[in-house]
Amino acid sequence: QFWMHETLGEYNDLTTNFVFFFYFVFIIILLYYFIKKYASRFISLLFAFMFSTMPLIFYHAYNGYADLPLSYYNLIAFILLFSWIKDKEKKDLILSAIFFGIALWVKTEALFFIFSSALVLGYYLFSSKFIESRLKIFLDFLLSFLIFILPLLYFNFRHNLGVSNIDSGAGFHSEVFKSLFQSLFMSSNWNIWWMAVVVIFALNIKMIIKKK
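We now turn to the structure provided with this report.

Reading the values: the criteria
- Residues numbered from 1 in each chain as written.
- Predicted model: local features only at pLDDT ≥ 70, side-chain atom pairs only at ≥ 80, totals over all residues.
- Heavy atoms only, no water.
- Helix = DSSP H or I, 4+ residues; strand = E, 2+ residues; numbered from the N terminus.
- Buried < 20%, exposed > 50% of the residue type's maximum accessible area, 1.4 Å probe, protein only.
- Contact = heavy atoms within 4.5 Å.
- Core = buried A, V, L, I, M, F, W, Y, C linked by side-chain atoms within 4.5 Å.
- Polar contact = N/O pair within 3.5 Å; in protein donor to acceptor, adjacent residues only side chain to side chain.
- Axes fitted to C-alpha atoms, helices over the stretch in contact; angles between N-to-C directions.
- Parallel < 35°, antiparallel > 145°, perpendicular 65-115°, else oblique.
- Left-handed = near helix turned anticlockwise from the far one by under 90°.
- Nonpolar A, V, L, I, M, F, W, Y, C, P; charged D, E, K, R; others polar.

### Looking at the environment of Ile137
Argument step 1. Among the structural elements, Ile137 can be located in helix α9 (residues 134-158).
Argument step 2. In this structure Ile137 comes out as buried when scored by relative accessible area, which is 12%.
Argument step 3. It is 9.5 Å that separates the C-alpha atoms of Ile137 and Gly122, two residues lying 15 residues apart in sequence.
Argument step 4. Look past the residues within four positions of Ile137 in its chain and what remains in contact with it is Trp84, Leu93, Leu125 and Phe130.

This is the structure we're talking about:
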C-alpha cells in the first residue's frame, strides 16, 4: 500500500483497495483447488462460489482491514498442514509454520489460529504411530515458526509492545456468543453456506467419525 501511494505521488485509498481485492480472489482460487483434490470440479466450484458470496468475506474484499490478508496466509498454512498430515512431506510442515509466521506479522490475532493448529498437530502426533519422531516433528514445526518471527519478537520487545490490548486482563465474556451467532448466521452475514455445511456434515457423519 505504501509503495502504491509513493508511486502515485499521493494518498489514494481507492487504488490501494485493489490489494485486498486480489487477496479475495486468491483465497477463492486456493479454496477451489484444495477442494478439487477431494471432490469433483462441480462441487469445488459450487463451494468456492458460495464462499465468495458470504457478506463478511465480500465486504473485506474492498476495504483496508488486515483480516483478509490474515485469512489468506492462515488458509495457506492450514492447507499445508493438512497436506503434511496426508503425505508426510517435511517441506509442507515447515512451510505451514512459516506461513503461520507470516500471518502473525500481519495481525496479532493469528495467535489464535497458530495455537489451535499446534493443538491439532499435537493431537495427531500423539494419537498416531509416531513413537520416536513425534517430538522432533513437533519441534520442527515450532522452531520453524519461532525462527521466522524472531525479528518481530525483537521489535516488540525493543519497543515494549505486547500481544494484549486489554488493560484489566483477559476474562470470560459470555455476551460475545450472541454477537458471534448474529454475525455468522443472521443479518450480518446470512448465507446458504452454513446450511450447506450442516447438511453435508449430517450426510457424512459416519465417514467423519471413522476418519476423525
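### Quick word on the nonpolar core
Argument step 1. The biggest cluster of nonpolar side chains holds 43 residues, and the ones touching the most others in it are Phe51, Trp84, Leu93, Leu104, Leu121, Phe141 and Phe145.
Argument step 2. Within the residue set of this core, elements represented by two or more residues are α3 (18-36), α4 (41-52), α6 (67-87), α7 (90-106), α8 (110-126), α9 and α11 (192-203).
Argument step 3. Looking at this core, the element that brings in the most residues is α6, giving 11 residues.
Argument step 4. The residues contacting Leu121, other than those within four sequence positions of it, are Leu81, Trp84, Leu93, Phe138 and Phe141.

### Some details on the environment of Ser52
Argument step 1. Position of Ser52 among the secondary structure elements: in helix α4.
Argument step 2. Along the sequence, Ser52 and Ile98 sit 46 residues apart, while their C-alpha atoms lie 26 Å from each other.
Argument step 3. Setting aside anything within four residues of it in sequence, one finds Ser52 in contact with Phe24, Ile28 and Phe58.
Argument step 4. One polar contact links the side chain of Ser52 to the main-chain carbonyl oxygen of Phe49, over a distance of 2.6 Å.

### Comments concerning the packing of α6 against α7
Argument step 1. Direction vectors running N to C along α6 and α7 enclose 165 degrees, while the axes themselves pass 8 Å from each other. Taken as axis vectors, α6 and α7 run roughly antiparallel relative to one another. Between α6 and α7 lies a crossing of left-handed hand. Of the residues in α7, those in contact with Pro69, Leu70, Tyr73, Asn74, Ile76, Ala77, Phe78, Leu80, Leu81, Ser83 and Trp84 of α6 are Lys90, Asp92, Leu93, Leu95, Ser96, Phe99, Phe100, Ile102, Ala103 and Val106.
Argument step 2. Its residues assigned to classes, the contact of α6 with α7 comprises 16 nonpolar, 3 polar and 2 charged.

Such coordinate-based values are descriptive only and should not be taken to indicate function.
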